[in-house]
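# Analysis of the macromolecular model
As a plain string of letters, each chain reads:
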Amino acid sequence: MDLKGKVALITGAAAGIGLAYSEELLKHGAKVSLCDIDSDIGEQIADELGAKYGRKNVLFCQCDVTDYPQYEEAFEMTIKVFNRLDIVINNAGVMNDRFWELEVDVNLNGVIRGTLLAYRFMGKDRGGQGGTIVNTASTAFARPQVSTPIYTATNYAVVGLTRAYGDQYHVNLTGVRSLVLCPGLTDTGLVKEIRKQLMSSEYEAAWQRDNANCKTQSSEHVGRALIEILTKGQSGSVWVVENGQAPREWRG
Ligand SMILES: NC(=O)C1=CN([C@@H]2O[C@H](COP(=O)(O)OP(=O)(O)OC[C@H]3O[C@@H](n4cnc5c(N)ncnc54)[C@H](O)[C@@H]3O)[C@@H](O)[C@H]2O)C=CC1
Ligand SMILES: CCCCCC(=O)/C=C/C=C\C=C\C=C\[C@@H](O)[C@@H](O)CCCC(=O)O
């Protein structure tokens, strides 16, 4: 896929994996709409990326993915500024099973909202030009993260959502392809104080076991993997990126 001049909207773009996706897309000539709930860091990142890759190529939209009208405004603003939309990356996520309703609302419902909006604004059946949706899930969908059952469930659901919408039936209807990228353990700010993010302090032993054989990878590695997946991923495909290795397609 030639990314030059393409426009991508990325959620959770102010930090971690979303930031790495954004920078990698800019390096390949795309324009990015950085969407994040955190406007202080978001504006700062937009300034930094703008200075590096051209101010006209970077936009920041403050947006909470749990709030449909705000999310809708981010789509409208992106299209108003860049005049097109080609790629939607539903990446914003949290990991805290103690606040499980919020976790489900961000990690699953947020992806559903982003997907519905992507079809509305890019779907050929709705007057759009078609495009690509990339969802971020986690390797926890294939190897359950025992210490965070609810976080694991949201990732299962996102993979199921992507596979169903990724079917050729929806591609024929809308001209929109859907892919899912599942990172393994990645060095980001997702875990701040694990003790407070598990449902019970007794789950800490399970957390240690969950991560025992994993090699932490950088968010930049996941960013580079996105470009490979965008280039060769068929609609409905599921991509695992873990231990700093090249992306590999998961076939069940
Ligand atoms: N870090 C890891 O080891 C892994 C992360 N993931 C997934 O990658 C995605 C990104 O996570 P990281 O970059 O690691 O986390 P991070 O915490 O570094 O970045 C997440 C970003 O999302 C934003 N965000 C949080 N709630 C939001 C909301 N309601 N609306 C809009 N933006 C919101 C945050 O402000 C932050 O900028 C998540 O979906 C996570 O589940 C998947 C596998 C492994
Ligand atoms: C094996 C679990 C895969 C699923 C990963 C996932 O979805 C969520 C992971 C959440 C947290 C990531 C934390 C990253 C932490 C790093 O900042 C680093 O501090 C961890 C170091 C652990 C190590 O052994 O290297």
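These numbers were taken from a predicted model, which means no experiment stands behind them. (Residues numbered from 1 in each chain as written. Chains lettered and ligands numbered in written order. Predicted model: local features only at pLDDT ≥ 70, side-chain atom pairs only at ≥ 80, totals over all residues. Heavy atoms only, no water.)

## Considering the site of ligand 1
As a reminder of what qualifies: In these notes, residues near a molecule or strand are those with any non-hydrogen atom within 4 Å of it. We call two N or O atoms a polar contact when they sit within 3.5 Å, provided that within protein one can donate a hydrogen and the other can accept it, with sequence-adjacent residues counted only if both atoms are side-chain atoms. Each residue is assigned to one class: nonpolar for Ala, Val, Leu, Ile, Met, Phe, Trp, Tyr, Cys and Pro, charged for Asp, Glu, Lys and Arg, and polar for all the others, Gly among them.
Near ligand 1, the surroundings consist of 26 residues, among which Ile 17, Asp 36, Tyr 151, Thr 186 and Thr 188 are the closest. Between Ile 17 and ligand 1, the recorded distance is 2.8 Å, taken from a backbone N or O atom to an oxygen atom. A distance of 2.9 Å is found between a nitrogen atom of ligand 1 and a side-chain nitrogen or oxygen belonging to Asp 64. Residues of the shell around ligand 1, tallied by class, amount to 14 nonpolar, ten polar and two charged.

## Things to note about helix H9 (residues 219-232)
The test is simple: Helix numbering and strand numbering both begin at the N terminus, where a helix is a DSSP run of H or I of at least 4 residues and a strand a DSSP run of E of at least 2. One less than the number of residues in a helix, times 1.5 Å, gives the span that helix is expected to have. For each residue, the accessible area found with a 1.4 Å probe, counting protein chains only, is set against the maximum for its type, and the residue is called buried under 20%, exposed over 50%, and partly exposed in between. Note on contacts: a residue pair qualifies if any of its non-hydrogen atoms lie within 4.5 Å across the two residues.
End to end, H9 covers 20 Å across 14 residues, agreeing with the expected 20 Å (1.5 Å per residue, within 8%). Of all the positions in H9, only Ser 219, His 221, Val 222, Gly 223, Ala 225, Leu 226, Ile 227, Ile 229 and Leu 230 are classed as buried. Elements that come into contact with the buried residues of H9 comprise helix H1 (16-27), strand S4 (87-90), strand S5 (131-136), strand S6 (176-183) and strand S7 (238-241).

## Description of the packing of aromatic side chains
What describes a pair of aromatic rings is the distance from one ring centre to the other and the angle between the planes of the rings. Under the convention used in this document: Planes of paired rings set the category: under 30 degrees apart is stacked, over 60 is edge-to-face and the rest tilted, where pairs are Phe, Tyr or Trp rings (Trp by its six-membered ring) whose centres lie within 6.5 Å.
Considering all chains together, one arrives at four aromatic pairs under this definition. The interplanar angle of 55° and the centroid separation of 5.6 Å between the aromatic rings of Tyr 71 and Phe 75 together place this pair among those described as tilted. With a gap of four residues between them, Tyr 71 and Phe 75 both fall in helix H3 (residues 68-82), about one helical turn apart. Take Tyr 71 and Phe 75: they sit in the same class, and that class is buried. Measuring from ring centre to ring centre gives 4.8 Å for Phe 141 and Trp 250, while their planes differ by 80°; the resulting arrangement is edge-to-face. With Phe 141 in the loop between S5 and helix H5 (149-165) and Trp 250 in strand S8 (residues 248-250), this residue pair connects regions lying 109 residues apart in the sequence. On the accessibility criterion, Phe 141 (6% relative accessible area) is buried. Within the aromatic cluster, the residues linked to one another by ring pairs are Tyr 71, Phe 75 and Phe 121.

## What to know about a negative patch on the surface
We count it as follows: Patches draw on residues past 30% relative accessible area with no salt bridge. Two like charges within 9 Å are joined, as are two nonpolar side chains (Val, Leu, Ile, Met, Phe, Trp, Tyr) within 5 Å. Surface exposure here means Shrake-Rupley accessible area, sampled with a 1.4 Å probe, where a residue is shielded only by the protein chains that are shown. By salt bridge we mean one thing: a side-chain nitrogen of Lys or Arg within 4 Å of a carboxyl oxygen of Asp or Glu. Neither His nor the chain ends contribute to the count of charged residues, in which Lys and Arg are positive and Asp and Glu negative. Charged groups are reduced to one reference atom each: NZ for lysine, CZ for arginine, CG for aspartic acid, CD for glutamic acid.
A contiguous patch of negative charge on the surface is contributed by Asp 40, Glu 43, Asp 47 and Glu 48. The topology assignment puts Glu 43 in helix H2 (residues 39-53). Take Glu 43: its relative accessible area is 44%, and that puts it in the partly exposed class.

## Notes on the confidence of the model for the protein
This is how the line gets drawn: Each residue carries a pLDDT score, the predictor's confidence in it, ranging from 0 to 100.
For the protein, the mean per-residue pLDDT works out to 98, and 100% of the residues sit at or above 70. As scored by the predictor, the complex reaches a pTM of 0.97 and an ipTM of 0.95.

## As for the site of ligand 2
Near ligand 2 there are 16 residues, and of these Ser 138, Gln 145, Tyr 151, Asp 187 and Thr 216 occur at the shortest range. Within the side chain of Asp 187, one N or O atom sits 2.7 Å away from an oxygen atom of ligand 2. Between ligand 2 and Thr 216, the relevant distance is 2.7 Å, taken from an oxygen atom to a side-chain nitrogen or oxygen of the residue. In terms of residue count, the dominant contributor to the shell around ligand 2 is helix H8 (residues 204-211) (three residues). In the shell around ligand 2, the residues fall into seven nonpolar, seven polar and two charged.

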